[in-house]
Amino acid sequence: MRDSAEIVIVGGGVIGLSIAYHLSKLGCRDVLLLERHQVTSGTSWHAAGIVGPLRSSMNLTRLSIYSTELFAALEAETGQATGYRRTGGYWLASRPERLVELERTAALGRLTGLNADMVAPGEIAAALPQMRCEDLLGGLWVEEDGQVNPVDLCMAYLKGAKAGGLRLRENCPAARLERKGTRISGVITASGERIEAGSIVLAGGVWSRDLAAGVGAAVPVQAVEHMYIVTEPVPDLPQPFPILRDLEGGIYIKEDAGRLVLGGFEAAAKPWDAAGPNGNTPFLELPEDWEQFEGFLHAGLARMPVLGEVGVQHFMNGPEGFTPDTKQLMGPVPGLQGLYVAAGFNSIGIVSSAGAGKALAEWVVEGEAPMDLWEVDVARFAAPEATPRFLDARVREAVGEQFALHWPFKQKQSARGLRRLPLHQRWQEAGAVFGAPAGWERPLWFAQGDEPKAMIYSQGGQSWWPAAKREAQTLSRKAALFDLSPFAKFDIVGPDSLALLQRLAGADLDVAAGRAVYTQLLSKRGGIEADATVTRLSETGFRLVGGAPTRLRDLAWLTAARDRLGLHAEIFDATSGTAVLGLMGPEAQAILEEVSGLDCSHAAFPFSTAREIEIGMAVGSALRISFVGESGWELSIANELVETAFEALQQAGAKRGLIPAGLFCLEACRLEKGFRHWGHDIGPEDSPLEAGLGFALAWDKPGGFEAREALLRQREAGLTRRLLLLALEAEDPPLLLHDEPIYRAGRLVGQTTSGGLGFRCGQALAFGYVACEPSQPRAALLEASYEIEVAGRRYPARALARPPYDPQGLRQRGRNDRR
């Protein structure tokens, strides 16, 4: 028996059903959904059903808000009740640090249009007389919090999808996926039937990882035992009873037909093997585990003493899928055309289902994400992070992070040391304090003397500021060495390599060999898909350097664009084989001249040029460019030669004050130079015009570029928002991060995208997009009066016409060198 469908969805839980429903709304009539047992029988049936739209970021909140709009409308459309009702909810704080976090969270909620307000303990106690509030310092009230019946919601999705033509096959397990070359081709069922597919959406929850692994795809989802109890009826509960999140206790409490549901997120979760002996059981309930649940029970009794006066009607223990960073996995699988993933929803699948289903459906149909979904993109993880041993260690920690304090700059503690720099041991000997951004062990700062040798978390001033300041100031006076090896590096070669890059990049890359060009890679609608430096190596060869976290995403995007355009170019990932050292500062020239024997003056080695070079006995290439605003070079060296090169640089630099510097120093320096960061300040929803990067567009280059027409239309219509660099005017500035509200003349006009201290200029800085009239000149925005709200307090800020450090760029371009 053979079957086929244009789109096959694997998994009949709330996510798969929502995707099917939204595909039907897009007019897709050839959709087949395969469910191994009955719909909802995996994890959806035992979900708690909490609808909490306020998430940890702007875009995740935007996704979740859609659920509050759709759930009620779905009942009217399908005639199927969902049990949705708005109850409101309290997030409780009993620590000062938590109160600061909730103040920031409330601001994020208001930015997205939610009714999110801080409330005093007395107000909470008056609303919930059965709750103990003596230890509370305050809380966050979210009016849009609510709940839904998960099974009823699934049935409503299913009814709507069937009305749009969905075919459902229950009791039809997918045994494995099939691929032909780099394209997914079909599904083989447990009975041996082959189902051909144009595209496959893998929405199989905790069972997705093994199916994906069969075709070489990394989908890091690990199941854990997730528990809650349902009490006997509790008398005199207020109606509606709000959703309660006791964050310090790690618990949530909700009402269900006069009973209370108590659950939580433990700091040491228990992994569960989805491929184990009971992994194929529908509507699975795992054994009661009162020892594991004991902490939640004590926290619940302390917060709601009435729990001790009623019995427990049901102990629910079922599998739930978590990811290494507690954010879901969505989007196309890198390197495998036609395979999409929507899995790992970390116990928020119900509230996420509407927005995730809509976004994934549009992604499949349109071929690109409908909004900036990088933070949940499956491409953020590589194969090593989907191995059972990594996941077993990391997810034990990740579950508890749902309610743990989200400290600024918090680093994971488990499963560390996976990706190490070639010079890891050298940096360790130099006093490096390591973090693991994008999975790489990287020096955050180098501790000297009494400087802290580990992260000390705070909602205010950071313990590492003195070390990063010392590094930045030494960088500006002498020289510093940064390890930039994690940067993504791609070699693009072949007869159509130039044509490919010219179509995607805003800048003109048809330059002489040895020249480097800063550019953005742009979608057809003008969004910034990547921020890169491209060096021409030969007539048909280029090296593109981009951000470390987006390595797999960038490679997949470039490859897909090449195939779509039908061009002949090979794209090689050179990241792992090549180390990159950033030699920066006024003394960098003298150091490089000593180790290379070359004239490295501006006249002989101009800015944005590259050449082959000797570094002591090692050989490599040097590119004169800088992300920190000082004169310097990025030195690319084969991994096996980098120790030799390091020793030569260290010896030459010892007498010139060369020090190692960390990621926190680099980030502060790029901010005070006004350099944008992809994923924060710029992304797929931002255009170069809005981001102030119009200077990097070659409007009239031969053949144009794909985004040109979209950007011309935007330029003609006028911008409705602009990215500004703002400086706080406060003697004791607060910690600036991102998503802080920006006010102009008392009116909310935008939010920050990144922020921090500039250690060389001594200012607290933040990038932020602000609204403007289409005809409003940038000069008028610069003259306006601004405030930035941080943790409930507004601070005056000034818009900067130019970056505060070396605004003319003389230091960076080597114009102040000795020759």
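Residues numbered from 1 in each chain as written. Predicted model: local features only at pLDDT ≥ 70, side-chain atom pairs only at ≥ 80, totals over all residues. Heavy atoms only, no water.

## A short note on the overall build of the protein
Our working rule: The way it works is that DSSP assigns letters per residue, a run of H or I at least four long becomes a helix, a run of E at least two long becomes a strand, and they are numbered from the N terminus. The size measure is the radius of gyration over C-alpha atoms, and the globule rule it meets is 2.2 Å times the number of residues to the 0.38 power. Exposure classes here rest on a 1.4 Å probe applied to the protein chains alone. A residue is buried below 20% of its type maximum, exposed above 50%, and partly exposed in between. Any two residues whose heavy atoms approach within 4.5 Å at even a single point are treated as in contact. Working definition of accessibility: Shrake-Rupley area with a 1.4 Å probe, residue cover restricted to the visible protein chains.
Each helix and strand counted, the protein has 18 helices and 40 strands in total. Relative to the compact-globule value of 28 Å for 819 residues, the protein shows a C-alpha radius of gyration of 27 Å, a close match. Oriented by its inertia axes, the alpha-carbon framework of the protein measures out at about 85 × 65 × 55 Å. Across the 819 residues of the protein, 61% fall into the buried class. Looking at the protein alone, contacts between residues at least 24 apart form 72% of all its contacts between residues at least 6 apart. For the protein, the computed accessible surface area is about 30400 Å², with 51% contributed by carbon and sulfur atoms.

## Describing the sheet that holds strand β21 (residues 419-420)
Heads up, the condition is: At least two bridges found by DSSP between two strands are what make those strands a pair.
Pairing in this open sheet of three strands is mixed, and the strands run β21-β23-β22 from one edge to the other. Each edge of the open sheet carries a strand with a single partner, namely β21 and β22 (432-435). As paired strands, β22 and strand β23 (residues 440-446) are joined by four bridges and run antiparallel to one another. Its bridge partner lying in β23, A432 is registered against F446.

## Quick look at the pattern of salt bridges
Heads up, the rule is: Here, a salt bridge means any Lys or Arg side-chain nitrogen found within 4 Å of an Asp or Glu carboxyl oxygen.
In the structure shown here, the tally under the stated rule is 52 salt bridges. Across the salt bridge formed by R167 and D3, the nearest N and O atoms sit 3.1 Å from each other. Note that R167 is positioned in strand β9 (residues 167-169) and D3 in strand β1 (residues 2-10), a separation of 164 residues in sequence. What makes D3 buried here is its relative accessible area of 17%. The salt bridge involving D246 is made with R303; its shortest N-O contact spans 2.9 Å. One end of the pair, D246, is in strand β14 (residues 243-246); the other, R303, is in helix α7 (residues 290-303), and 57 residues separate them in sequence. The pair D246 / R303 is uniform in exposure class, with both members buried. Three or more residues are tied together by salt bridges with common partners; here these are D3, D30, R167, R169 and E193.

## Some thoughts on helix α9 (residues 388-400)
Rule in force here: The span expected for a helix works out to 1.5 Å for each residue beyond the first. The bend at a residue is defined as the angle formed between two axes, one fitted to the seven residues ending at that residue and one fitted to the seven starting there.
Across its 13 residues, α9 extends 19 Å between first and last C-alpha, which sits within 8% of the 18 Å expected from 1.5 Å per residue. A bend of about 30° at R394 is the largest found in α9. On the buried face of α9, the contacting elements are α6 (208-213), β13 (222-231) and β18 (312-322).

## Details of the pairing of β18
Among the 11 residues of β18, eight are classified as buried, and the element is accordingly described as predominantly covered. Sheet topology places β13 next to β18; 10 bridges connect them, and they run antiparallel. Along β18, the bridge assignment pairs Q222 with F322.

## Considerations on the packing of helix α2 (residues 58-78) against helix α5 (residues 150-163)
To keep it simple, the criterion reads: Orientation is described by lines fitted to C-alpha atoms, with helices fitted over the stretch in contact, and by angles between N-to-C directions that extend from 0 to 180 degrees. Under this scheme an angle from 65 to 115 degrees is roughly perpendicular, one under 35 degrees roughly parallel, and one over 145 degrees roughly antiparallel; angles in between are oblique. Handedness of each helix crossing follows the sense of rotation of the near helix against the far helix: counterclockwise by less than a right angle gives left-handed, clockwise gives right-handed. In this classification, Asp, Glu, Lys and Arg are treated as charged, Ala, Val, Leu, Ile, Met, Phe, Trp, Tyr, Cys and Pro as nonpolar, and every other residue, Gly included, as polar.
One way to put it is that α2 packs onto α5 with a least axis distance of 10 Å and a crossing angle of 55°. As summarised for this structure, α2 and α5 are arranged oblique, according to the angle between their axes. Regarding α2 and α5, the two cross each other, and that crossing is left-handed. Seen from α2, the contacting residues are L70, F71, L74 and T78; seen from α5, they are L153, A156, Y157, K159 and G160. Taken together, the residues that form the contact of α2 with α5 break down as six nonpolar, two polar and one charged.

## Comments concerning the side chain of H46
With respect to the secondary-structure elements, H46 resides in the loop between β2 (31-34) and β3 (50-51). Beyond its immediate stretch of four places on either side in the chain, H46 contacts Y228, L284, M316, G318, P319 and E320.

## With respect to the environment of L99
Mapped onto the elements, L99 comes out in helix α3 (residues 96-111). Beyond its immediate chain neighbours, meaning those up to four positions away, L99 contacts A93, M118, L137, G138 and G139.

## Quick word on the side chain of S44
Looking at the secondary structure, you find S44 in the loop between β2 and β3. Its relative accessible area of 8% is what places S44 among the buried residues. Those residues in contact with S44, other than ones at most four positions away along the chain, are G13, V14, P150 and C154.

## Side note on the nonpolar core
Heads up, the rule is: Put simply, a nonpolar core is a bunch of buried Ala, Val, Leu, Ile, Met, Phe, Trp, Tyr and Cys residues held in one set by side-chain atoms that sit within 4.5 Å of each other.
Formed by 49 residues in total, the largest nonpolar core has its most connected members in I9, I19, Y157, M330, L360 and L373. Of all the elements in the fold, those that place two or more residues in this core are β1, α1 (14-25), β2, α2, α5, β20 (339-343) and α8 (349-366). It is α8 that contributes the most residues to this core, nine residues altogether. Those residues in contact with I19 that sit more than four places away from it in its chain are I9, V201, A203, A342, G357, L360 and A361. If you look at the next biggest cluster of nonpolar residues, it comprises 32 residues, including V595, C600, A652 and L658.

## Some points on the sheet that holds strand β39 (residues 786-790)
Around the barrel, six strands lie side by side as β35-β38-β37-β36-β39-β40; this closed barrel has antiparallel pairing. The average undirected angle you get between the axes of adjacent strands in this sheet is 40°. Note that strand β35 (residues 721-728) and strand β40 (residues 793-800) share four bridges and pair antiparallel. Bridging across to β40, A727 finds its partner in R798. On top of the sheet, helix α16 (residues 663-672) reaches β35, β37 (747-758) and β38 (763-771); it is set at about 130° to β37, its chief contact.

## Details of the packing of α5 against α8
Axis separation between α5 and α8 bottoms out at 11 Å; the angle between their running directions is 15°. Looking at the two axes, α5 sits roughly parallel to α8. For the crossing formed where α5 meets α8, the hand is left-handed. Facing P150, L153 and Y157 of α5, the residues of α8 in contact are I350, S353 and A354. Within the contact of α5 with α8, the residues separate by chemical class into five nonpolar, one polar and no charged.

## Concerning the state of the cysteines
One way to say it: the disulfide is the covalent bond shared by the sulfur atoms of two cysteines. What counts is decided by this rule: For the purposes of this analysis, a disulfide is any pair of cysteine sulfur atoms at a distance within 2.5 Å.
Evaluated as defined, the whole model comprises zero disulfides. You can see C154 has no disulfide; the closest cysteine sulfur is in C172, sitting 19 Å from it. Distance from the sulfur of C665, which forms no disulfide, to the nearest cysteine sulfur (C669) is 4.1 Å. What makes C665 buried here is its relative accessible area of 0%.

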